[in-house]
Amino acid sequence: MLSIKNLHAEIEGQQILKGINLEVKAGEVHAIMGPNGSGKSTLASVLAGREEYEVTEGEVTFLGKDILDLAPEDRAHEGLFLAFQYPVEIPGVSSNNFLRTALNQTREYKGLEPLDAVNFLKLMKEKMALVEIDQKLINRSLNEGFSGGEKKRNEIFQMAVLEPKLSILDETDSGLDIDALRIVANGVNKLKSPDNATILVTHYQRLLDHIVPDFVHVLYNGQIVKSGDKSLALELEDKGYDWIKEEVDATIS
Amino acid sequence: MSSDNQILEDFTSSEYKYGFETLIENDSAPKGINEDIVRFISAKKEEPEWMLEWRLKAYRHWITLEEPEWANVHHPKIDFQDIIYYSAPKKKPELASLDEVDPDLLETFKKLGISLEEQKRLSGVAVDAVIDSVSVKTTFTKTLGKLGIIFCSFSEAVREHPELIKKYLGSVVPMTDNYYAALNSAVFSDGSFCYIPKGVRCPMELSTYFRINASGTGQFERTLIVAEDESYVSYLEGCTAPSRDENQLHAAVVEIYAEAKAEVKYSTVQNWYPGDKNGVGGVYNFVTKRGLCKGDYSKISWTQVETGSAITWKYPSCILKGDYSVGEFYSVAVTNNYQQADTGTKMIHLGKNTKSTIISKGISAGKSQNSYRGLVKIHKRAGNARNFSQCDSLLMGDTCGAHTFPYIEIDNSTAKVEHEATTSKIGEDQIFYCNQRGIDTENAIALIVNGYAKEVLNKLPMEFAVEAQKLLALTLEGSVG
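These figures come from a predicted structure and were not determined experimentally.

Asker: Help me out: how do you make sense of the overall build of chain B in this one?
Answerer: On a plain count of helices and strands, chain B comes out with 13 helices and 23 strands. Across the 481 residues of chain B, 62% fall into the buried class. Long-range pairs, those at least 24 residues apart, make up 85% of the contacts in chain B with a sequence separation of at least 6. Just so you have it, chain B exposes about 18,300 Å², and 49% of that area is on carbon and sulfur atoms.

In structure tokens form, the structure reads like this:
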């Protein structure tokens, strides 16, 4: 589904990603872990097409298409979804209005008729039940005055409505208490299918207690330095990142 | 970062979409202004002697005045002798139905999406179509007539209801009020008159579409709305104007007179030609709008969506004379490219327990300058007066400007006055967030801007709100992607 080859990217002249290689297949859950500043969020941003980052080398294909030349909205139309670490507030715009615009632009891209109001509301109701989100939250201005947990739940709700092929969750667990974490994780698990894939970008292991990954990758200094199964995450939880740093630094010297 | 600025720049440099000209024969006055021109206009309109005298008095006062320069706008000095003060579509015999209206003219309205027939048939909006200074057709007059409501062109009102015009003309905005009001009083070409008798609730939205249509033509509209005790009316004014190279002057006067327990809602969507993206051409819009809450418990509400004009100078105001009277001002002003807007309101509290609300939303893009200027004055007799003001500015890019000039004068210690102001920027973060959900930048900006202006747009009558939303998006639309 997603194939990243030798990806290099920089921001304002500073190299952050230094040759990332990653293969993600349909039905898989990948966790990308790593210490602060290792390039985790940069990877998520580059995949989503954030303009500040410049890709200097490498390629990314998504469902057989080279996506690096696609505009961010077209990447979204192709089925790539990013749950933001810090979801943005848009005053005066309801989730309803926002999602309807998003959904219908995606349908237009695919040559489908826009969803009418009745069917759209039906879809919203269905997805609200699925991810256990309150109607009141949906009626309010998008993310405005939402608590950290509400924002993250709203991200998962948007994911449910837009039904992406690949979801990248950027530090979705940060700032969540244990109950909110469980609800968010339940939502993600429910949305999992053999046809879609998930990349979890996270600093801590605790999210992985709720969403069990098939693969765990450790990102350090702009490269994936170690990959393994879920036991790697537990090892990291236990021992921290230092032993990996030492291992890598030793190899370099 | 620079590429984001590029997006904003592309986005904000769109062309004016309503730039076309209808070929209708004109019957114009020569350029310039003097007493003869004033007489010419009055004669053209077959006005009675008292009306001519009123105009001449205004003219004689105007020539003693200096052009005001306090507004935060900059433009070359206007040559008032280089303007045509009267231009009317060629006289046609009395029209019995819309079918007899000049087809070119109807076509013009259709291009703007303003089909009189559609409006008549579908929305029940009575439209007094004003094109180049003369009312072409007043619709629904009969339906309204049954209720005793008068809704007609100003010229007709001068002929048919001289007693009302004599009583109310200049009663809210005196001819001596300011430079442009005096000029308007001398040379006003036409406009609308609306009278709602005691206890009558006007059953439909009254509407007038203005449009400048002849090269070098000044447009001097005059609107007078009188609402008697316990009456209600909602009045809509909307306009678009065709592309033009030279600057055009528009100096309208709107007067609203509300008696006890009367309520008047006045909504405007203004889309005069703003000039091209290099700041060439465009309409100068110097308007005096004022409402008098004469009676106790009366209420006047101004809602405006200002997207057009090269220069806007406009302060719809309320004089809250009656006890418990209420004044409201809801405004969205968008400026793009080289547009300049200095707009706001004045709330003058004279009566006891009077209340006013000001919600102003400025949006600046391109190299434009957008100023809010507002006065809240609490007179010493106005016990327990209350005001709430909120002035927000939204900036797109970093070459535009937003300014707020609030003036508050309080002479009564029981007054409660609140003022809130915010300035924000459309964030690249917000746009990227929308992009990531599949919304392109153009739609993202439309969404964000409409969300920002929602509080004001919600105050507009439904069909107008939809039009205004489209207009906001259109004004800020560009060649993205």
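Let's pick the thread back up.
Asker: Please clarify how unusual backbone geometry should be interpreted in this entry.
Answerer: Positive phi, close to 65°, is recorded for A:Asn143, a residue that is not glycine. Relative to the assigned elements, A:Asn143 resides in the loop between β8 (141-142) and α6 (148-162). At B:Glu46, a residue that is not glycine, the phi angle is positive and equals roughly 50°. The residue B:Glu46 is located in the loop between α2 (35-44) and α3 (49-62) in this model. Accessibility expressed as a relative area gives 55% for B:Glu46, which makes it exposed.

Asker: Would you mind going over the sheet that holds strand β4 (residues 53-62) of chain A with me for this structure?
Answerer: Whenever strands of a sheet pair, they do so through backbone hydrogen bonds, lying parallel or antiparallel. The four strands lie next to each other as β2-β1-β4-β5 (chain A), forming an open sheet whose pairing is antiparallel. Edge positions in the sheet fall to β2 (14-24) and β5 (65-66) of chain A, since each of these pairs with one other strand and no more.

Asker: Looking at this structure, I do not really get the packing of helix α3 (residues 95-109) of chain A against helix α4 (residues 117-131) of chain A. What am I missing?
Answerer: The relative placement of two packed helices is expressed as an angle between their axes plus a distance between the axes. Residue and element names in this part refer to chain A. At their nearest, the axes of α3 and α4 sit 11 Å apart, and the two run at 110° to each other. Accordingly, the angle class assigned to the pair α3 and α4 is roughly perpendicular. Each of Asn-96, Leu-99, Arg-100 and Leu-103 in α3 lies in contact with α4, whose residues at this interface are Ala-117, Phe-120, Leu-121, Leu-123 and Met-124.

Asker: I'm lost on the interface of chain A and chain B in this one. Help?
Answerer: Buried accessible area, meaning the area lost when the parts come together, often serves as the stated size of an interface. If you look at the interface, chain A gives 32 residues, while chain B gives 22 residues. Our count for the contact surface shared by chain A and chain B stands at two salt bridges. When the shortest N-O distance is used, the salt bridge between B:Arg437 and A:Glu155 registers 2.6 Å. Joining chain A to chain B, the criterion identifies 14 residue pairs in polar contact (both at pLDDT 80 or more). Elements supplying a minimum of two residues to the side of chain A that touches chain B: α2 (72-78), β6 (80-83), β7 (90-94), α3 and α6 of chain A.

Asker: Before we go on, may I ask you to explain the pattern of salt bridges in this structure?
Answerer: Two side chains of opposite charge can pair, provided their charged atoms sit close to one another. Applying the stated criterion across every chain yields a total of 29 salt bridges over all chains. In this structure, B:Lys299 engages B:Glu263 in a salt bridge whose closest nitrogen and oxygen atoms are separated by 4.0 Å. Placement of the pair is B:Lys299 in strand β14 (residues 299-306) and B:Glu263 in strand β12 (residues 263-271), with a sequence separation of 36 residues. One network of salt bridges, with partners in common, ties together A:Arg50, A:Glu52 and B:Asp429.

Asker: Help me out: how do you make sense of the packing of α3(B) against helix α9 (residues 179-187) of chain B in this one?
Answerer: All names here are of chain B. The interhelical angle for the contact between α3 and α9, taken along N-to-C directions, is 145°, at an axis separation of 7 Å. The way α3 lies across α9 gives a crossing that is left-handed. For the pair α3 and α9, contact is made by Trp-54, Arg-55, Ala-58, Tyr-59, His-61 and Trp-62 and by Tyr-179, Ala-182, Leu-183, Ser-185, Ala-186 and Val-187, respectively.

Asker: I'm lost on α3(B) in this one. Help?
Answerer: Since one α-helical turn is 3.6 residues long, residues separated by three or four positions face the same way. All names here are of chain B. The terminal C-alpha atoms of α3, which comprises 14 residues, lie 20 Å apart, in line with the 20 Å expected from a rise of 1.5 Å per residue. Considered for burial, the residues of α3 that qualify are Met-51, Leu-52, Trp-54, Arg-55, Leu-56, Ala-58, Tyr-59 and Trp-62. Of the surrounding elements, those touching the buried residues of α3 are α2, α7 (154-160), α9 and β8 (221-227).

Asker: Explanation requested: the packing of aromatic side chains in the structure shown.
Answerer: The geometry of two aromatic rings is summed up by the distance between their centres and the angle between their planes. All names here are of chain B. Considering all chains together, one arrives at 22 aromatic pairs over all chains under this definition. Taking 4.8 Å as the distance between ring centres and 65° as the angle between the ring planes, the aromatic pair formed by Tyr-168 and Tyr-257 counts as edge-to-face. With Tyr-168 in helix α8 (residues 162-168) and Tyr-257 in strand β11 (residues 253-258), this pair connects stretches of sequence that are 89 residues apart. Tyr-257 carries the same exposure label as Tyr-168, and that label is buried. A centroid spacing of 5.6 Å and a plane angle of 80° characterise the contact between Trp-313 and Tyr-315, whose relative ring orientation is edge-to-face. Judged by its relative accessible area of 7%, Trp-313 is buried. On the accessibility criterion, Tyr-315 (11% relative accessible area) is buried. Taken together, the aromatic side chains of Tyr-59, Trp-62, Trp-70, Phe-80, Tyr-179, Tyr-180, Tyr-284, Phe-286, Trp-313 and Tyr-315 make up a single cluster linked through ring pairs.

Asker: Could you clarify how one ought to interpret the sheet that holds strand β10 (residues 197-201) of chain A in this entry?
Answerer: All names here are of chain A. Ordered by their spatial adjacency, six strands build an open sheet running β6-β9-β10-β3-β11-β12, and the pairing between neighbours is mixed. Each having just a single partner strand, β6 and β12 (223-228) make up the two edges of the open sheet. Going from strand to strand, the sheet's axes swing by 20° on average, the running direction of each strand aside. The sheet contact formed by strand β11 (residues 215-220) and β12 spans five bridges and is antiparallel. Residue Tyr-220 lies in a different strand from β12, and its bridge partner there is Gln-223.

Asker: Please clarify how helix α11 (residues 441-452) of chain B should be interpreted in this entry.
Answerer: Residue and element names in this part refer to chain B. With 12 residues, α11 ought to run about 16 Å at 1.5 Å a step, and its terminal C-alpha atoms sit 16 Å apart, in line with that. With 10 of 12 residues buried, α11 lies mostly within the body of the structure. What α11 keeps buried is the set Thr-441, Ala-444, Ile-445, Ala-446, Leu-447, Ile-448, Val-449, Asn-450, Gly-451 and Tyr-452.

Asker: Explain a positive patch on the surface to me, please; I cannot follow it from the model alone.
Answerer: A contiguous patch of positive charge, built from B:Lys167, B:Lys294, B:Lys321, B:Lys352, B:Lys380 and B:Arg381, is present on the exposed surface. Within the element layout of this structure, B:Lys380 appears in the loop between β20 (369-378) and β21 (386-395).

Asker: Help me understand the confidence of the model for chain B in this model?
Answerer: Fine structural detail should not be taken from predicted coordinates in areas where pLDDT scores are low. All names here are of chain B. For chain B, per-residue confidence averages 81 on the pLDDT scale, and 78% of positions sit at 70 or higher. Below pLDDT 50 for its whole length, residues 90-94 participates in four contacts with residues either more than four positions away or in separate chains. Scored as a complex, the prediction yields pTM 0.80 and ipTM 0.95.

Asker: Help me understand the environment of B:Leu183, please; the structure alone is not making it clear to me.
Answerer: Residues and elements named next belong to chain B. Within the secondary structure layout, Leu-183 lies in helix α9. For Leu-183, a relative accessible area of 0% translates into the label buried. In this structure, the C-alpha to C-alpha distance between Leu-183 and Ile-33, residues 150 residues apart in sequence, is 9.8 Å. Once residues within four sequence positions are removed from consideration, Leu-183 is found in contact with Ile-33, Trp-62, Phe-80, Tyr-85, Phe-220 and Leu-249.

Analysis parameters
Residues numbered from 1 in each chain as written. Chains lettered and ligands numbered in written order. Predicted model: local features only at pLDDT ≥ 70, side-chain atom pairs only at ≥ 80, totals over all residues. Heavy atoms only, no water. Helix = DSSP H or I, 4+ residues; strand = E, 2+ residues; numbered from the N terminus. Buried < 20%, exposed > 50% of the residue type's maximum accessible area, 1.4 Å probe, protein only. Contact = heavy atoms within 4.5 Å. Areas by Shrake-Rupley, 256 points an atom, 1.4 Å probe, with all protein chains shown as cover. Pairing = 2+ DSSP bridges. Axes fitted to C-alpha atoms, helices over the stretch in contact; angles between N-to-C directions. Parallel < 35°, antiparallel > 145°, perpendicular 65-115°, else oblique. Salt bridge = Lys/Arg side-chain N within 4 Å of Asp/Glu carboxyl O. Polar contact = N/O pair within 3.5 Å; in protein donor to acceptor, adjacent residues only side chain to side chain. Left-handed = near helix turned anticlockwise from the far one by under 90°. Expected span 1.5 Å × (residues − 1). Phe/Tyr/Trp six-rings, centres within 6.5 Å; stacked < 30°, edge-to-face > 60°. Patch = residues over 30% accessible without salt bridge, like charges linked within 9 Å, V, L, I, M, F, W, Y side chains within 5 Å. Lys, Arg positive; Asp, Glu negative; His and termini not counted. Charge placed at Lys NZ, Arg CZ, Asp CG, Glu CD. pLDDT = per-residue confidence, 0-100.

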